Amino acid sequence: MNAQLLDFVVHGDHDGKLVALEEHEDIPFDVRRVYYIWGNSPDVCRGKHAHDKLEQIIICVSGSCDFILDDGNERKTVHLDTPSRGLYIKHDIWREFTNFSEDCVLVVLASEHYKESDYTRNYHDFLRKCTNEK
Ligand code: T46
């Protein structure tokens, strides 16, 4: 599947912690956009789309949530609950995210500017695309 968890180097211990992310060292793409997501009700389900080209690293800097990832063959759930880890999602992965803790804050590093034409927001269109690309 075009998605993996990245473990970041954590500096510090009892005084507190720090993670530094450098382009092309820790982040395998040019970072063209950063956005963050918070204030979600626990049972809301966001996402429900795939991207044609966009690559992203999603970091849960506070609280927790679940990402459901689907490549048209396999579906898996990834639980995010630490700022020391990033979920790297490449193109052509359907994602949904839910089960938000009250304090959940997600920071997302993205390889492209926002472009609605990069989104596939219909699941049947996504499956059709996966089949055509085989
Ligand atoms: C993704 C997940 C993890 C913008 O204007 N600029 C932006 O950069 C983004 C990301 C969104 N928007 C607007 C478009 C919509 O009117 O913000 C609104 C909410 O966007 P969306 O419904 O796409 O949000 P999510 O949380 O379902 O998905 C977002 C990203 O769009 C997506 O790429 O992978 O977070």
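Let me begin by describing the structure that accompanies this report.

What counts, and at which threshold
Residues numbered from 1 in each chain as written. Predicted model: local features only at pLDDT ≥ 70, side-chain atom pairs only at ≥ 80, totals over all residues. Heavy atoms only, no water. Phe/Tyr/Trp six-rings, centres within 6.5 Å; stacked < 30°, edge-to-face > 60°. Helix = DSSP H or I, 4+ residues; strand = E, 2+ residues; numbered from the N terminus. Buried < 20%, exposed > 50% of the residue type's maximum accessible area, 1.4 Å probe, protein only. Patch = residues over 30% accessible without salt bridge, like charges linked within 9 Å, V, L, I, M, F, W, Y side chains within 5 Å. Areas by Shrake-Rupley, 256 points an atom, 1.4 Å probe, with all protein chains shown as cover. Salt bridge = Lys/Arg side-chain N within 4 Å of Asp/Glu carboxyl O.

Re the packing of aromatic side chains
Next, step 1: As enumerated under the stated definition, the model contains eight aromatic pairs in all.
Next, step 2: Geometrically, the ring pair formed by Phe 29 and Tyr 88 is tilted, given 6.0 Å between the ring centres and 40 degrees between the ring planes. With Phe 29 in the loop between strand S1 (3-7) and strand S2 (33-38) and Tyr 88 in strand S7 (residues 85-89), this residue pair connects regions lying 59 residues apart in the sequence.
Next, step 3: Geometrically, the ring pair formed by Phe 67 and Phe 97 is stacked, given 4.5 Å between the ring centres and 5 degrees between the ring planes. Pair noted here: Phe 67 is in strand S5 (residues 65-70) and Phe 97 is in strand S8 (residues 94-98), with a separation of 30 residues, a long-range link. The pair Phe 67 / Phe 97 is uniform in exposure class, with both members buried.
Next, step 4: Three or more aromatic residues joined by ring pairs form one cluster here, namely Phe 67, Phe 97 and Phe 100.

With respect to a nonpolar patch on the surface
Next, step 1: Together, Val 10, Val 19 and Leu 21 line one region of the surface with nonpolar side chains, adding up to about 180 Å² of accessible area.
Next, step 2: Structurally, the position occupied by Val 10 is in the loop between S1 and S2.
Next, step 3: A relative accessible area of 35% means that Val 10 is categorised as partly exposed.

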